[in-house]
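Observations on the three-dimensional arrangement
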Amino acid sequence: MPKLFKAPTSDKTTKFYDDLIAGRIRRGLWGAEARFDGALISTKESVRRHFTPNVATYIRPTDVVLDVGCGSGGFLPILSGLCAKLVGIDITPSFVAKSMEIAEKFNLANTEILQESCERLPFENHRFDVVVMLDVIHHMENVRESLKEVHRVLTPAGRVIVFEPNKLNPLVYVMCMLDPNERGVLPLGTKGAYRRLFAPYFTVERIEYNGMLIGPQQSLSLAISDVINHRYAKPLLGWLNARMFIALTKPQ
């Protein structure tokens, strides 16, 4: 894969999202307003159907959870309600501010938000029972260094929950080609590529295509997702979903 098709540097990613949230740039392809409205994301039917039941399977009420790349905080209300303690981190100041607003708005008393890089996590070894990474890995400048850090802060037999774009979806592939900030998907974006990426650090317990949509919720997009994920259609059409869901375990 040409070097053009890789994630931007962390500095460029931070500036891009700060500019986006501040309104200095627009991102019509992905529907920025819908994707980054932290107060609405957790209420979307697609999120309730394709995110919540999957993460709930792997998070226990006593767990301490790290949300790496928590973004605008849209998933914090869901994760907070599933665990004993939640820490959200992001490198982008605007996202950190929005996540703090969400924690306050929803009275998430067990939640802490920090501005930190996933390449140098400021936590002791074996601090977390679960790490969540939603649409984050393809943005990482140094993916393997970040995964080493995630491995370090996880307890033995700790779990990692991953959602990532599926580049087999033709629309996702084209949009990632056109958007420099999303080109990190292109060297990855398939089950095989993610299995190879995680193999040195974690055991893949589950990997499947996932129908969660957090961008614009047009009725047509939701209807197509419903058809793809119908129990009779998914074995044939599931590969067309926009995302993959991956559950990992740290070996003891």
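The structure presented is a predicted model; accordingly, all values stated were derived computationally and were not measured. Throughout this document, residue positions are counted from 1 along each chain, in the order its sequence is written. In keeping with the model being predicted, local features are shown solely for residues with a pLDDT of at least 70 and side-chain atom pairs are shown and tallied solely at 80 or more, while totals for entire chains, interfaces and linings include all residues. To get the side-chain values, take all heavy atoms of the structure and skip hydrogens and water.

**A closer look at the environment of N110**
- Helix and strand definitions here come from DSSP, where helices need a minimum of 4 consecutive H or I residues and strands a minimum of 2 consecutive E residues; each element is numbered from the N-terminal end. Residue placement: N110 occurs in the loop between α7 (93-105) and β3 (111-115).
- When the C-alpha positions of N110 and C83 are compared, they lie 8.5 Å apart, and in sequence the two are 27 residues distant.
- Whether two residues are in contact is decided by their heavy atoms, any of which lying within 4.5 Å being enough. With near-sequence residues (within four places) excluded, N110 lies in contact with S80, C83, A84, K85 and L86.

**Quick look at the side chain of T155**
- Among the structural elements, T155 can be located in strand β5 (residues 154-165).
- Here the term buried applies to any residue with accessible area under 20% of the maximum for its type, exposed to any over 50%, and partly exposed to those in between, with areas from a 1.4 Å probe on protein chains only. With a relative accessible area of 17%, T155 lands in the buried category.
- Apart from the residues within four sequence positions on either side, T155 is in contact with H126, F128, D129 and K250.

**Comments concerning the packing of helix α1 (residues 10-22) against α7**
- Interaxial distance between α1 and α7 falls to 7 Å at its minimum, and their mutual angle equals 55°. Taken together, the axis directions place α1 and α7 in an arrangement best described as oblique. The segment α1 lies against α7, with T14, Y17, D18 and I21 engaging P93, S94, F95 and K98.
- Within the contact of α1 with α7, the residues separate by chemical class into 4 nonpolar, 2 polar and 2 charged. Every axis corresponds to a line fitted to the C-alpha atoms, with the helix fit spanning only the stretch in contact, and the corresponding angles, defined between N-to-C directions, vary from 0 to 180 degrees. Throughout, the term roughly parallel applies to angles under 35 degrees, roughly antiparallel to angles over 145, roughly perpendicular to angles from 65 to 115, and oblique to all others. Three categories are distinguished: nonpolar for Ala, Val, Leu, Ile, Met, Phe, Trp, Tyr, Cys and Pro, charged for Asp, Glu, Lys and Arg, and polar for the others, with Gly belonging to the last.

**Re the nonpolar core**
- By nonpolar core is meant a set of buried Ala, Val, Leu, Ile, Met, Phe, Trp, Tyr and Cys residues that side-chain atoms within 4.5 Å join together. Counting 32 residues, the largest nonpolar core has L66, V68, M133, I137, Y194, F198 and F202 as the members making the most contacts within it.
- Going through the elements one at a time, β1 (64-68), β2 (85-90), β4 (128-134), α8 (143-153), β5, α10 (191-198), β6 (203-210) and β7 (243-249) are the ones with two or more residues in this core.
- Of the residues forming this core, the biggest block, 4 residues, is contributed by α8.
- When residues no more than four places from it in sequence are discounted, the contact partners of F202 are L147, V150, H151, L154, V160, L248, T249, K250 and P251.

**Quick notes on unusual backbone geometry**
- Phi is positive for N107, which is not a glycine, with a value near 55°.
- Along the chain, N107 falls in the loop between α7 and β3.
- For N107, a relative accessible area of 65% corresponds to the exposed category.
- Even without glycine at this site, H126 takes up a positive phi of about 60°.
- Along the chain, H126 turns up in the loop between β3 and β4.

**Description of the UniProt feature "domain: Methyltransferase type" (unreviewed entry) in the chain**
- UniProt positions are given in the numbering used here, feature names are shortened, and annotations may be inferred rather than shown by experiment. Feature annotation in UniProt assigns "domain: Methyltransferase type" (unreviewed entry) to the following positions: residues 66-162.
- With 30% helix and 31% strand, the stretch residues 66-162 has end C-alpha atoms that lie 12 Å from each other.

**Thoughts on the packing of aromatic side chains**
- Think of it this way: a Phe, Tyr or Trp ring, Trp meaning its six-membered ring, pairs with another when their centres are within 6.5 Å, and the plane angle makes it stacked under 30 degrees, edge-to-face over 60, tilted otherwise. Inspection of the entire model under this criterion finds 9 aromatic pairs.
- On the numbers, 5.2 Å between centres and 40° between planes, the contact of Y17 with F95 is tilted. Of the two residues, Y17 sits in helix α1 while F95 sits in helix α7, which places them 78 residues apart along the sequence.
- Overall, Y17 belongs to the buried group, its relative accessible area being 6%.

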